[in-house]
Amino acid sequence: MTSGPPQNKGSRDRQQRNSRRRQARILAMQILYEADVSGHSPTEILVRTRNQGGVPEETLDYASELIAGIRARHFDLVAEIERAAPDFPFSGIAIVDRSLLQIAIFEAVYDGTVPPRAAINEAVAIAREYGGESSARFVNGALGEIVDRLRPENRPQSRTNGSLS
């Protein structure tokens, strides 16, 4: 007996890609955490992780893309997080939570390769697994506010010749 409908190759490939991306998000979160605690650069930690072996290349590659994007957009990400959680300075947010917020915001808003709802759901699921008691609720609330505000249809329109375009 089978436990459900048969899966086609495309469905299996998508599930494998999603699993690798989830592992890459967890790895990126762990690297950001270690960098925050140790003071080492995320790039240095990623290189060491790659050299140690045991992590699939595709996972390392996606984690590397996330880390590079987060580093390039660091000030934007911090500003968005602080705007969404004004009662908490960035440095006062639990390291796991702020790492997951950065990853999800980068993926959903700046990189644009992951649908916003998927980025939020992934961050919340990882927060449940690795964060504190209220991490999932905090991450969900902050990301929901940020993604809603930064959707293209909600962004302020640019001004041209003094008038709204």
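Rules used in this analysis
Residues numbered from 1 in each chain as written. Predicted model: local features only at pLDDT ≥ 70, side-chain atom pairs only at ≥ 80, totals over all residues. Heavy atoms only, no water. Helix = DSSP H or I, 4+ residues; strand = E, 2+ residues; numbered from the N terminus. Buried < 20%, exposed > 50% of the residue type's maximum accessible area, 1.4 Å probe, protein only. Contact = heavy atoms within 4.5 Å. Areas by Shrake-Rupley, 256 points an atom, 1.4 Å probe, with all protein chains shown as cover. Axes fitted to C-alpha atoms, helices over the stretch in contact; angles between N-to-C directions. Parallel < 35°, antiparallel > 145°, perpendicular 65-115°, else oblique. Nonpolar A, V, L, I, M, F, W, Y, C, P; charged D, E, K, R; others polar. Expected span 1.5 Å × (residues − 1).

Enquirer: Please explain the overall build of the protein as it appears in this structure.
Expert: Per the secondary structure count, the protein includes seven helices and two strands. Each helix and strand of the protein, placed in order from N terminus to C terminus, yields the pattern α-α-α-α-α-α-α-β-β. A burial count over the protein gives 38% of its 165 residues as buried. Put simply, 63% of the contacts in the protein that link residues at least 6 apart link residues at least 24 apart. Total accessible area computed for the protein in this model is approximately 9,800 Å², and 49% of it derives from carbon and sulfur atoms.

Enquirer: Just to check I follow, could you spell out the packing of helix H3 (residues 57–72) against helix H5 (residues 95–111) for this structure?
Expert: The description of two packed helices rests on the angle between their axes and on the distance between the axes. Contact pair H3 / H5: the axes reach a minimum separation of 10 Å and the direction vectors enclose 90°. Here H3 is positioned roughly perpendicular relative to H5, judged by the angle of their axes. Side by side, H3 and H5 meet where Tyr62, Glu65, Leu66, Gly69 and Ile70 of the first sit next to Gln102, Ile103, Phe106 and Glu107 of the second. Across the contact of H3 with H5, the residue classes break down as five nonpolar, two polar and two charged.

Enquirer: Can you help me understand helix H7 (residues 135–150) in this one?
Expert: Residues separated by three or four positions in an α-helix point in the same direction, a consequence of the helix having 3.6 residues per turn. End to end, H7 covers 22 Å across 16 residues, agreeing with the expected 22 Å (1.5 Å per residue, within 8%). Among the residues of H7, those classed as buried are Ser135, Ala136, Phe138, Val139, Ala142, Leu143, Gly144, Ile146, Val147, Arg149 and Leu150. Packing partners of the buried residues in H7 comprise helix H4 (74–84), H5 and helix H6 (116–130).

Spatial relationships are all this shows, so hold off on functional conclusions.
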